[in-house]
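# Understanding the architecture of this molecule
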Number of protein chains: 2
Amino acid sequence: MRIAIPLYDRFTALDAVGPYEVLSRLPGASVTWLAHEPGVVRNDQRMMGIEAQAAFEDLPDPEIVLVPGGTGTNDVLDDERLVGWIRRAHETSEWTTSVCTGSLLLGAAGVLEGLEATSHWLDLQDLERYGARPTGKRVVEQGKVITAAGVSSGIDMGLVLAAKIAGPEVAQAIQLGIEYDPQPPFDSGSVDKASTETVELIRSLAAGRA
Amino acid sequence: MRIAIPLYDRFTALDAVGPYEVLSRLPGASVTWLAHEPGVVRNDQRMMGIEAQAAFEDLPDPEIVLVPGGTGTNDVLDDERLVGWIRRAHETSEWTTSVCTGSLLLGAAGVLEGLEATSHWLDLQDLERYGARPTGKRVVEQGKVITAAGVSSGIDMGLVLAAKIAGPEVAQAIQLGIEYDPQPPFDSGSVDKASTETVELIRSLAAGRA
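Computed from a predicted structure; not experimentally measured. (Residues numbered from 1 in each chain as written. Chains lettered and ligands numbered in written order. Predicted model: local features only at pLDDT ≥ 70, side-chain atom pairs only at ≥ 80, totals over all residues.)

## A short note on the overall build of chain A
Check the secondary structure of chain A and you find seven helices and eleven strands. Taking 210 residues into account, the globule formula puts the C-alpha radius of gyration at 17 Å, and chain A, at 16 Å, falls close to it. Considered along the principal axes of its C-alpha atoms, chain A spans approximately 45 × 40 × 35 Å. Intrachain contacts of chain A at a sequence separation of at least 6 include 61% that bridge at least 24 residues. (Helix = DSSP H or I, 4+ residues; strand = E, 2+ residues; numbered from the N terminus. Rg over C-alpha atoms; globule rule 2.2 N^0.38 Å. Contact = placed C-beta atoms within 7 Å.)

Written out as structure tokens, the structure reads:
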């Protein structure tokens, strides 16, 4: 099962690494990190880099496409090398997936036309541009297309997908292997649960960044 | 706030990237990934690499030390360059933390003597070797030393630490920023919750690996 994770300048690390840590544990999984060129790609905060082992064109036909989001997403929505790769890979993929604003890249590739989809809550409405129906759910399954909400939601998406591919027993074993028994000290992880002040703080920080 | 994450051959990616994604969002945070030499360090599954920007000795006095675990931990427990760096950094750190089997490295550095600590559930009892008192809790706070359980627990630990450093409002904003509203499709993320079959499956896979 060949899994491809395309990286681009200013991706968000956990978007990719969360589901990576789940899906790479599937029996027979082989993960390749792709980019415009092989080499280290820096993340949104410029504080870390993940190595791309190959260029997009080197792996045209993965079984699983996993597209992370990031603050750099908007700058690559018209990057035909990346978006074209997603479009073509989707034609033969078994699963086409995204985390966070990675869904905007699926949208730009024409993958989400007429489908329900999700994204980071700050960017959710942008999905309408691509003919998608935005939904606030954490993991949205539409046939072979699965989109996940912001950043950390990719772990949940990975487990949902692992169960579809290898069955619930394997997915549960992976969950135990990564000891995913979440116990966040607060309950402010979604826009419906966080206080108005918290939501406004993040909105203003995002507006300042844009 | 200088945060150092030491990498070594066969670390587990999510151990490091989970808390990275939380702590790097603290106001004024600066994260440096360290290793024996600058360059890409490969993870436990050999399917990804994270770039170390500097050698251990280049950052002797971070405010936060964050040590990830991995299948390679046992092979570096007597690596004096790494363990000695942890020991010395702990002398001046504000917080010394670990995820998963990273706690064994804290133990080897003498940090856990007489303290409660946690680790991946498979390796928990190994902490006794270092004079620590193993506990099955997900995040264990002992003064400035915080240990977290397996792999994904570092996200929870990161939020606990973020609240201590910058207050609960900031930690809650970070939680919303990374949309950490966990909804795993199964409830098998701890050894107490998973089925006996699942626990035995992971035990046998781990035994085969060792």
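## A look at the relation of the copies chain B and chain A
Aligned on chain A, chain B shows an RMSD of 0.0 Å; the corresponding rotation is 180° and the shift along the axis is 0.0 Å. A rotation of that kind, with that shift, is consistent with a two-fold axis. Rotation axis and chain B: the residue whose C-alpha lies nearest the axis is I50 of chain B, separated from it by 2.3 Å. Looking at chain B, 98% of its interface residues are interface residues in chain A too, so the copies touch through the same face. (Least-squares fit on C-alpha atoms with pLDDT ≥ 70 in both.)

## A closer look at the sheet that holds strand β6 (residues 64–67) of chain B
Residues and elements named next belong to chain B. In spatial order, the strands read β5-β2-β1-β6-β7-β11-β10; together these seven strands make up an open sheet with mixed pairing. The open sheet has two edge strands with one neighbour each: β5 (54–55) and β10 (139–142). Where strand β7 (residues 95–99) lies against strand β11 (residues 145–148), four bridges are found, and the strand directions are parallel. Along β11, the bridge assignment pairs V99 with A148. In the packing of helix α1 (residues 13–23) onto the sheet, contacts are made with β1 (2–6), β2 (30–35), β6 and β7, and the angle to β1 comes to roughly 170°. With respect to the sheet, helix α3 (residues 80–92) is in contact with β1, β6 and β7, its orientation differing from that of β6 by roughly 150°. (Pairing = 2+ DSSP bridges. Axes fitted to C-alpha atoms, helices over the stretch in contact; angles between N-to-C directions.)

## Overview of the pairing of strand β10 (residues 139–142) of chain A
All names here are of chain A. As judged from the four bridges shared by β10 and strand β11 (residues 145–148), these two strands associate in the antiparallel manner. Residue pairing for β11: V139 is matched across the bridge by A148. Taking the residues that link successive antiparallel strands as the turn, the β10-β11 hairpin has two residues, and the phi of G143 there is positive, at about 60°.

## As for the packing of helix α5 (residues 153–166) of chain A against helix α6 (residues 168–177) of chain A
Residue and element names in this part refer to chain A. Packing of α5 against α6 leaves a shortest axis separation of 7 Å and a crossing angle of 140°. Handedness of the crossing formed by α5 with α6: right-handed. Only P168, V170, A171, I174 and Q175 of α6 make contact with α5, whose side of the interface consists of L159, A162, A163 and A166. Looking at side-chain class alone, the contact of α5 with α6 contains eight nonpolar, one polar and no charged residues. (Left-handed = near helix turned anticlockwise from the far one by under 90°. Nonpolar A, V, L, I, M, F, W, Y, C, P; charged D, E, K, R; others polar.)

## What about the interface of chain B and chain A?
In this complex, chain B contributes 55 residues to the contact, which on the side of chain A involves 54 residues. Mapped by element, the contributors of at least two residues to the side of chain B that touches chain A are α1, β2, β4 (49–52), α5 (153–166), α6 (168–177) and α7 (196–209) of chain B. Residue composition of the side of chain B that touches chain A, grouped by class: 31 nonpolar, 16 polar and eight charged.

## A few points about the sheet that holds β11 of chain A
Residues and elements named next belong to chain A. On the basis of which strands lie adjacent, the open sheet formed by seven strands has the order β5-β2-β1-β6-β7-β11-β10 and mixed pairing. Both outer strands of the open sheet, β5 (54–55) and β10, are each paired with one neighbouring strand and no more. Seen against the sheet, helix α3 (residues 80–92) touches β1 (2–6), β6 (64–67) and β7 (95–99) and runs at an angle of roughly 150° to β6. Its contacts with the sheet place α5 against β7, β10 and β11, and it is angled at close to 155° to β11.

## Here's the deal with unusual backbone geometry
A positive phi is found at R46 of chain A, a non-glycine position, where the angle reads about 60°. For R46 of chain A, the location among the structural elements is in the loop between β3 (39–42) and β4 (49–52). Located in the positive-phi region is C100 of chain B, a residue other than glycine, with phi close to 60°.

## Regarding the confidence of the model for chain A
Any segment with low pLDDT has predicted coordinates that should not be analysed in fine detail. When the pLDDT values of chain A are averaged, the result is 96; 99% of them are 70 or greater. As a predicted assembly, this complex carries a pTM of 0.97 together with an ipTM value of 0.96. (pLDDT = per-residue confidence, 0-100.)

## Regarding α1 of chain B
Among the eleven residues in α1 of chain B, eleven count as buried, and that is most of the element. Three or more residues of α1 of chain B are buried, namely A13, L14, D15, A16, V17, G18, P19, Y20, E21, V22 and L23 of chain B. (Buried ≥ 20, exposed ≤ 12 C-beta atoms within 10 Å, placed from the backbone.)

## Digging into the environment of W121 of chain A
Here W121 of chain A shows up in the loop between β8 (116–117) and β9 (133–134). On a C-alpha basis, the gap between W121 of chain A and T101 of chain A in space is 9.3 Å, while along the polypeptide they are 20 residues apart. Setting aside residues up to four positions removed in sequence, W121 of chain A forms contacts with A149, G150 and V191 of chain A together with E179 of chain B.

## Quick notes on the nonpolar core
Formed by 150 residues in total, the largest nonpolar core has its most connected members in I5, L7 and I86 of chain A together with I5, L7 and I86 of chain B. The contacts of I86 of chain A, once residues within four sequence positions are left out, are V65, V67, L105, L106, A109 and V111 of chain A. (Core = buried A, V, L, I, M, F, W, Y, C linked by C-beta atoms within 7 Å.)

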